[in-house]
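These are the residues of each chain, in order.
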Amino acid sequence: MSTEDAPPHGGQVSENGTALEAARVLALLDASRHSLAALTAAVNLASLRHAELVALYVEDMDLLRCAAFPFSCEIGAQSGLSRPLTPDSLETSIARQLQRVHQALAGAVAGRSLRHRLEVARGQVVSAALTMATAEDVLVLGKAGTTERWGTRLGSTSRRLILEAPCTVLLWDERHPFKRGPLRWLKPVAGESEAPPAMAEWLAALFEDGAPLPVSHAYELERALAHANAGGLLLHRSELESLLNEDPELIARVPLPILVVP
């Protein structure tokens, strides 16, 4: 199919030749290994859907403002050494990180016929991502982001986005290689339908079948998934909020990709 014949926004074509509306796949990048693993997942997802891949890199204004203070310093994650943090040194660091993001995106899409672009913004990371996302998109995030150096924790940026994004969010964890398997969801209370939640077919195609989990509390969910090594977990945002209120770090310990739907 030529570019001129392609349906708008990277969509697919139905049997009668009508262009089908397609979501974009958004990937928030910060050059951490978690975000780069999420980029690979986003590329695969966009290829499956024949959708446009939009990678977003945000130059963090909050960090740039902090660098303007004369007492600002940064501490090496491994060395523990402190050194002055200046606007010039931070701009240099941002430029290097952006270069790594460019290289990572080029490598991830190499050899694929995939419509893609890199959006670079300057501002607050969460605000920039929320401004770009629409209800039809899928936002792919790494779990830890820049907090990965401190161990298994859900990054503050990821936490805000999965709770506030207007679209479906796919939360990826590079520590556990993805294997096709069942998509689990929380079993409803007695008397309600146990049918799987409605979701786009192209997202459901990532998994083999469905499996309801008869759990309602964070500790029950963690125990039920302790030995899971394939498939994923689907949560409605209200369910996610309830689980995080019980255990703020539960999601970081779940060894599966997590789909969060509004």
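Refer to the preceding data block for the structure.
What you see is a predicted model; the values in this text were computed from it and never measured.

Criteria and cut-off values
Residues numbered from 1 in each chain as written. Predicted model: local features only at pLDDT ≥ 70, side-chain atom pairs only at ≥ 80, totals over all residues. Heavy atoms only, no water. Helix = DSSP H or I, 4+ residues; strand = E, 2+ residues; numbered from the N terminus. Buried < 20%, exposed > 50% of the residue type's maximum accessible area, 1.4 Å probe, protein only. Contact = heavy atoms within 4.5 Å. Areas by Shrake-Rupley, 256 points an atom, 1.4 Å probe, with all protein chains shown as cover. Polar contact = N/O pair within 3.5 Å; in protein donor to acceptor, adjacent residues only side chain to side chain. Phe/Tyr/Trp six-rings, centres within 6.5 Å; stacked < 30°, edge-to-face > 60°. 1 Å grid on protein atoms, 1.4 Å probe; cavity = no way out; pocket = protein on both sides within 12 Å on 5 of 7 lines; lining within 4 Å. Points joined across faces, edges and corners; volume = space filled by probe spheres on them. Nonpolar A, V, L, I, M, F, W, Y, C, P; charged D, E, K, R; others polar. Pairing = 2+ DSSP bridges. Arc of directions from axis to C-beta. Salt bridge = Lys/Arg side-chain N within 4 Å of Asp/Glu carboxyl O.

A. Just the overall build of the chain, in detail. Along the backbone of the chain there are nine helices and 11 strands. For the chain, buried positions account for 44% of its 262 residues. For the chain, contacts bridging at least 24 residues in sequence account for 77% of all contacts bridging at least 6. Of the roughly 13800 Å² that the chain leaves accessible, carbon and sulfur atoms contribute 53%.

B. Spotlight on the side chain of Arg24. Mapped onto the fold, Arg24 is located in the segment before β1 (25–29). Within polar-contact distance, the side chain of Arg24 engages the side chain of Asp137 at 2.7 Å. Those residues in contact with Arg24 that lie beyond four places of it in its chain are Glu52, Val54, Arg117, Met132, Ala133, Thr134, Glu136, Asp137 and Val138.

C. View of the packing of aromatic side chains. Applying the stated rule across the entire model yields two aromatic pairs. Pairing Trp172 with Phe178 gives two aromatic rings, centres 5.5 Å apart and planes at 45°, and the pair type is tilted. Judged by relative accessible area, Phe178 falls into the partly exposed class, the value being 30%. Three or more aromatic residues link up through ring pairs in this structure, and these residues are Trp172, Phe178 and Phe207.

D. Structural detail: empty space enclosed by the protein. According to the stated counting rule, one finds one cavity of 30 Å³ or more in the structure shown. Taken together, Trp172, Asp173, His176, Pro177, Phe178, Pro255, Leu256 and Pro257 make up the full set of residues lining the largest cavity. For the lining of the largest cavity, the per-class residue count stands at six nonpolar, one polar and one charged.

E. Inspection of the pairing of strand β7 (residues 168–172) at higher detail. Burial runs high along β7: five of the five residues are buried. Residues Thr168, Leu170 and Trp172 of β7 are buried on one face, and the alternating residues Val169 and Leu171, pointing to the opposite face, are buried as well. Pairing geometry for strand β6 (residues 138–142) and β7, over five bridges, is parallel. Of the residues in β7, the one forming a bridge with Leu141 is Leu171. Two elements, β7 and strand β11 (residues 258–261), share three bridges in a ladder whose sense is antiparallel. Bridge pairing in β11 links Leu171 to Ile258.

F. Examining helix α4 (residues 125–132) more closely. Val125, Val126, Ala128, Ala129 and Met132 are the residues of α4 that are buried. For α4, the angular spread of buried residues about the axis comes to 165°, placing them on one side.

G. Spatial organisation of the pattern of salt bridges. If you walk through the whole model with that rule in mind, you get six salt bridges. As a salt-bridge pair, Asp247 and Arg253 come within 2.4 Å of each other at their nearest N and O atoms. We classify Asp247 as buried; its relative accessible area is 19%. Residue Arg253 is classed as partly exposed on the basis of its relative accessible area, which comes to 33%. Three or more residues are tied together by salt bridges with common partners; here these are Glu52, Arg117 and Glu119.

Any functional reading would require information that these geometric values do not contain.
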